[in-house]
Amino acid sequence: MSSSIKVFAPATVANVGPGFDILGLAMDNIGDQLELTLRDGTGIAIDMPGSDLPTDPKLNVAGVSVQGLLDQVGSNQGIHITIHKNVAPGSGLGSSASSAAGAVFGANQLLGSPLRKYDLIKFAMMGEAVASGKAHADNVAPSLLGGFTLVRNYYPLEVVNLSFPKDLVIVVIHPQIEVKTSDSKRILRKDIPLEVAIKQWGNVAGLVSGLASADYELIGKSLEDVIVEPVRSMLIPGFGELKTAALENGALGCSISGSGPSVFALCNDPEIAEKVAKSFKDEYTTLGIDHELYISNINEEGAKIISA
Ligand code: HSE
């Protein structure tokens, strides 16, 4: 059993249009890197070079998640965690999930893998509760498991790995402003008219079916969020322009990534993805908004060991 390990856990696009708090996918070229080391004695110690997020293990998403895992397996092993944040907090790209998923994955490995990856989701969710006030699983599940995931049920937790066409490409633009998930959850309506809910669950089912059968027209039609996007898009500069540009350039669909402010477009062709990325860049350059752009396939592996 190694006493030190370096791991990677991918950033994620959650909600994926209509699937608020239940759908998510893993990206393959951005994520947090963590080093975990067994330390003498008990307790979790955390370093986050270059970050001003809390390092107190009771307030840190990685600390809380790993403590949940240690409690479950009945261990009081001391663990030192260094988190290299690559996923910007408040970006809508599953920043807290990436740290929480990486931490529980790495700690489980150091402890000799007493639990399966799937069983780690509930501990990473504890980190999400610290970060946003809600233990949602739509970011931590794909960050741990990879792929495109559906939280079919929360109590008890049931996560399903969805089939999806392998040629999907995600384009994400991240305007350099921070939106706290807790804030963008608070502004949502709590009462949904029945006819709106019917449209939304039709879209969720259509999206899942379209993914399974590689029916791109169905995926595109179903990538519509009639509940959350109309409210949260008000927090995102140029959202309407980005969406129009994505669809005009051939994206299957476009919506808010997680709780924003990042915006994603789903494409089924790398050339279209390049065109969409350029149109995103042009829009934000015109509007004078600093941004980061990502083009990614769906990461099928999820959290992984970099070195042990
Ligand atoms: N499903 C969560 C939300 C994701 O939209 O609030 C947060 O990234």
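Before reading on, note that the structure itself is shown above.
We now turn to the structure provided with this report. (Residues numbered from 1 in each chain as written. Predicted model: local features only at pLDDT ≥ 70, side-chain atom pairs only at ≥ 80, totals over all residues. Heavy atoms only, no water.)

**A short note on the packing of helix α2 (residues 95-110) against helix α3 (residues 117-132)**
Packed helices, taken two at a time, are described by the angle between their axes plus the distance between the axes. To be explicit about the condition: All axes are obtained by fitting lines to C-alpha atoms, using only the stretch in contact for helices, and the reported angles, taken between N-to-C directions, cover 0 to 180 degrees. Put simply, DSSP marks the helices as runs of H or I at least four residues long and the strands as runs of E at least two long, and each gets a number from the N terminus on. When describing relative orientation, an angle under 35 degrees is termed roughly parallel and one over 145 degrees roughly antiparallel, while 65 to 115 degrees is termed roughly perpendicular and anything else oblique. The hand of a helix crossing depends on one turn: near helix anticlockwise from the far one by less than a right angle means left-handed, and clockwise means right-handed. Two residues qualify as a contact provided that any one of their heavy atoms is within 4.5 Å of a heavy atom in the partner residue. Basically, the charged four are Asp, Glu, Lys and Arg, the nonpolar ten are Ala, Val, Leu, Ile, Met, Phe, Trp, Tyr, Cys and Pro, and anything else, Gly included, counts as polar.
As a packed pair, α2 and α3 sit with axes 8 Å apart at the nearest point and diverge in direction by 140°. By the angle class used here, α2 and α3 are oblique. Note that α2 runs across α3; the crossing there is right-handed. Residues S96, A97, A100, A101, V104, F105 and N108 of α2 pack against K117, L120, F123, A124, E128 and A131 of α3. A class-by-class count of the residues in the contact of α2 with α3 yields 9 nonpolar, 2 polar and 2 charged.

**Here we look at the site of the ligand**
So the rule is basically this: Each residue is tested against the molecule or strand, and it is near if at least one of its non-hydrogen atoms lies within 4 Å. Definition of a polar contact: a pair of N or O atoms within 3.5 Å, with one able to donate and the other able to accept a hydrogen when the atoms are protein atoms, and with sequence-neighbouring residues admitted only if both atoms are side-chain atoms. Here the accessible surface of atoms and residues is derived via Shrake-Rupley with a 1.4 Å probe, and residues count as covered only by protein chains that are part of the display. Note that the domain bounds were set by an automatic or database domain assignment.
Taken together, N15, F20, D21, H136, D138, N139, T181, K185, R232, G258 and S259 are the residues near the ligand. Contacts to the ligand include D138, whose side-chain N or O atom sits 2.5 Å from a nitrogen atom. Separating an oxygen atom of the ligand from a side-chain N or O atom of N139 is a distance of 3.1 Å. For the ligand, whose free accessible area comes to 260 Å², the fraction covered by protein is 98%. When the residues that make up the shell around the ligand are grouped by side-chain class, the tally is 1 nonpolar, 6 polar and 4 charged. Mapped onto the domain boundaries, the shell around the ligand takes at least three residues apiece from domain 1 (4-162 + 299-307) and domain 2 (169-297).

Everything listed here is a matter of coordinates, which is why it stays silent on function.
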